[in-house]
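# Structural overview for review
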Amino acid sequence: MESMQRNIKTGIILILFAGLLYMFYSITQFFYILFAAVLFAVFFTGCAEWLQKKTRLKYTYALTVVLITISAIIIVGGILLAPYMQQQIKEITETLPKTIAELKQKLMQNEQARNLMQKMPKDVGGLSQKGGSVFSNIGGAFSVMLDSIAYIFVILITGVYLAYSPALYRLGFLQLVKKENQGDFWEAFNRTYTTLKHWLWARGITMLVVGIMSTTGLLLLKIPLAVPLGIIAGLLDFVPNVGPLIALIPALLIAFTEGPESALYVALLYFAIQTLEGFVLTPLIEKEQVSLPPALILVAQLFFGLVGGVIGLFLASPILATIIVFTKVFHVKKIRNDDETAENTDS
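Residues numbered from 1 in each chain as written. Predicted model: local features only at pLDDT ≥ 70, side-chain atom pairs only at ≥ 80, totals over all residues. Heavy atoms only, no water.

What follows covers the environment of Phe304. Along the chain, Phe304 turns up in helix α10 (residues 294-308). With relative accessibility at 12%, the residue Phe304 sits in the buried group. Between the C-alpha atoms of Phe304 and Thr28, which are 276 residues apart in sequence, the distance is 9.5 Å. When residues no more than four places from it in sequence are discounted, the contact partners of Phe304 are Tyr32, Gly309, Gly312, Leu313, Ala316, Ile319 and Ile323. (Helix = DSSP H or I, 4+ residues; strand = E, 2+ residues; numbered from the N terminus. Buried < 20%, exposed > 50% of the residue type's maximum accessible area, 1.4 Å probe, protein only. Contact = heavy atoms within 4.5 Å.)

Attention now moves to α10. Taking 1.5 Å as the rise per residue, α10 with 15 residues should run 21 Å; its terminal C-alpha atoms sit 20 Å apart, in good agreement. Listing the buried residues of α10 in full gives Ile297, Ala300, Gln301, Phe304, Gly305 and Gly308. Taken down its axis, α10 places every buried residue within 120° of arc, on the same side. Seen from the open side of α10, the exposed residues pointing more than 90 degrees away from its buried face are Ala295, Val299, Leu302 and Leu306. Where α10 ends, the next residue or the one after it, Gly309, has phi of about 75°, a positive value. (Expected span 1.5 Å × (residues − 1). Arc of directions from axis to C-beta.)

The next thing to look at is the nonpolar core. One recurring pattern in soluble globular proteins: nonpolar side chains tend to sit buried together. Among the nonpolar cores identified, the biggest contains 37 residues, and Leu39, Leu63, Phe238 and Leu315 are the most heavily contacted of them. Counting residues per element, the ones that place at least two in this core are α1 (2-55), α2 (59-108), α4 (131-164), α6 (179-220), α10 and α11 (310-346). With 12 residues, α1 is the largest single contributor of residues to this core. Those residues in contact with Phe238 that lie beyond four places of it in its chain are Leu39, Trp199, Leu200, Arg203, Met207 and Phe314. The next biggest cluster of nonpolar side chains, apart from the first, holds 18 residues, and it includes Leu236, Leu248, Ile254 and Ile273. (Core = buried A, V, L, I, M, F, W, Y, C linked by side-chain atoms within 4.5 Å.)

Moving on, we get to the pattern of salt bridges. Applying the stated criterion to the full structure yields 4 salt bridges. Where Lys197 meets Glu49, a salt bridge forms, and the shortest distance between an N and an O atom there is 3.9 Å. Residue Lys197 is located in helix α6, and its partner Glu49 is located in helix α1; the two are separated by 148 residues in the primary sequence. Overall, Glu49 belongs to the partly exposed group, its relative accessible area being 26%. Here Arg191 ties to Glu187 by a salt bridge, and the two come within 3.5 Å at their closest N and O atoms. In this pair, Arg191 and Glu187 both sit in helix α6, 4 residues apart, roughly one turn of the helix. (Salt bridge = Lys/Arg side-chain N within 4 Å of Asp/Glu carboxyl O.)

Moving on to the packing of α6 against helix α7 (residues 226-236). Here α6 crosses α7 at 155°, and the two axes come no closer than 7 Å. By the angle between their axes, α6 is roughly antiparallel relative to α7. Note that α6 runs across α7; the crossing there is right-handed. Packed against α6, whose contacting residues are Met207, Val210, Gly211, Ser214, Thr215, Leu218 and Leu219, the element α7 presents Ala226, Val227, Leu229, Gly230, Ile231, Ala233, Gly234 and Leu235 at the interface. In the contact of α6 with α7, the residues fall into 10 nonpolar, 5 polar and no charged. (Axes fitted to C-alpha atoms, helices over the stretch in contact; angles between N-to-C directions. Parallel < 35°, antiparallel > 145°, perpendicular 65-115°, else oblique. Left-handed = near helix turned anticlockwise from the far one by under 90°. Nonpolar A, V, L, I, M, F, W, Y, C, P; charged D, E, K, R; others polar.)

On to the confidence of the model for the chain. Per-residue pLDDT for the chain averages 81, and the proportion of residues at 70 or more is 80%. Element-level pLDDT for the chain is lowest in helix α3 (residues 111-119), with a mean of 63, against a maximum mean of 90 in α6. Taken as a whole, residues 123-135 scores under 50 in pLDDT and shows 0 contacts with residues more than four places along the chain or in a different chain. (pLDDT = per-residue confidence, 0-100.)

What follows is about the packing of aromatic side chains. Working definition: an aromatic ring pair is given by the centre-to-centre distance plus the angle between the planes. With the rule as written, the count across this model stands at 12 aromatic pairs. Between Trp199 and Phe238, the ring centres sit 5.2 Å apart and the planes meet at 85°, which makes this aromatic pair edge-to-face. Of this pair, Trp199 sits in helix α6 while Phe238 sits in the loop between α7 and α8 (242-255); the two residues are 39 residues apart in sequence, bridging distant segments of the chain. Phe238 carries the same exposure label as Trp199, and that label is buried. Taken together, the ring pairs in this structure connect Phe173, Phe185, Phe189, Phe326 and Phe330 into an aromatic cluster. Positioned over the ring face of Trp186 is Arg170, at 5.6 Å from the centre of the ring. (Phe/Tyr/Trp six-rings, centres within 6.5 Å; stacked < 30°, edge-to-face > 60°. Lys NZ or Arg CZ within 6 Å of the ring centre and 35° of its normal.)

And the structure:
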C-alpha cells in the first residue's frame with residue numbers, strides 16, 4: 001500500500017515536472033516569436049523613417065511604400081531565379097551519378113576505404129522494407145515545414161502591425177508599469193530601437209557584401225546554383241560565427257558534383273570571405289554602428305540556442321544587444337544614482 005502511494009506521488013511529481021518543462025518551452029517559443037516580430041518591425045520602421053526623411057511622405061505612406069517594394073523585390077527575384085534554378089538542378093541530377101561513380105572508383109583504390117566499402121551491405125534496396133518509416137519521416141518534415149511557414153506568417157503580420165503603430169504599443173506597455181519607472185522604460189525602448197536599428201543596418205551591409213562576394217566567387221569557379229548559394233551565404237551571415245559554417249555545407253555538397261578540387265576551392269573561397277569579413281568588414285562597419293563583444297555573442301548563441309533551438313540561435317545577437325541596453329538603463333543608472341546619493345550624504 002505504501003509503495004503504491006509512493007509510486008502515485010512519484011508519477012504526479014513527474015507529470016507536474018513535465019508540465020512545467022512544456023510551459024517553459026511554450027513561453028520561450030512565444031518570446032522568440034514576439035522578439036522576431038519586433039525585429040522585423042524595427043527594420044520596417046527604420047526603412048520607413050529613412051524614406052520619410054528623403055521624400056517627406058507621411059510615415060504610414062512611407063511604410064506602405066517600403067512594404068510594397070520589399071514584396072515586389074522578393075516576388076520578382078523568385079520569378080527570375082526559378083528558371084535558372086530549374087536548369088541547374090537538372091544538370092546536377094544528370095552529373096551526380098557520374099560523380100558518385102568516380103568518387104567510388106577513387107575510394108576503391110585505397111585499401112582501407114575498399115575494406116570499409118566491402119563491409120557495407122550491398123542490398124541497398126533492402127531499405128525499402130522500412131518504407132513506412134521513410135514516409136513517416138517525410139510526413140514529419142512536411143509538418144515542420146508547414147509549422148515554420150505559419151510561424152513566419154505570424155511574425156511578419158505582427159511585425160507589420162507593430163511598425164504601423166509603434167507608439168501605441170509602447171504606451172500600452174507603459175500602462176502596466178509604475179509611474180516612477182515609466183520614464184526609464186521609455187528611455188530603454190528608445191535606446192533599444194536605436195541599437196537594434198543600427199545593428200540591423202550593420203548586419204544588412206555585411207550580409208549584402210558577403211552575398212555578393214560569395215555569388216561572384218562561385219560563378220567564377222563555375223559551381224552550379226551559384227546565385228542561390230550566394231544568397232544563402234548572405235542570409236545566413238545574419239548569424240555571426242555559426243551562419244557561415246551552415247552556409248558552407250550545401251556549397252561543398254554541390255561543389256563535389258564538379259569534383260573534389262572544386263570543393264576545395266569553394267572551402268578556400270568561403271574561408272577567405274569570412275576572414276575578410278571578420279578582420280576588415282565587420283570592425284569597419286560596427287565601428288560606425290554598434291559593436292557587441294565576440295565572447296558574449298558566443299555565450300549568448302550557446303545559451304539561447306540550447307533553450308530555443310534554431311530560432312534562439314538566430315536571435316541570440318539582437319537579444320544580447322537588447323539585454324545590454326536595458327542593463328545600462330536600469331542597473332548602471334541605479335548604481336550611478338546610488339553613488340551620487342552616497343557622495344551627497346558624505347558632503
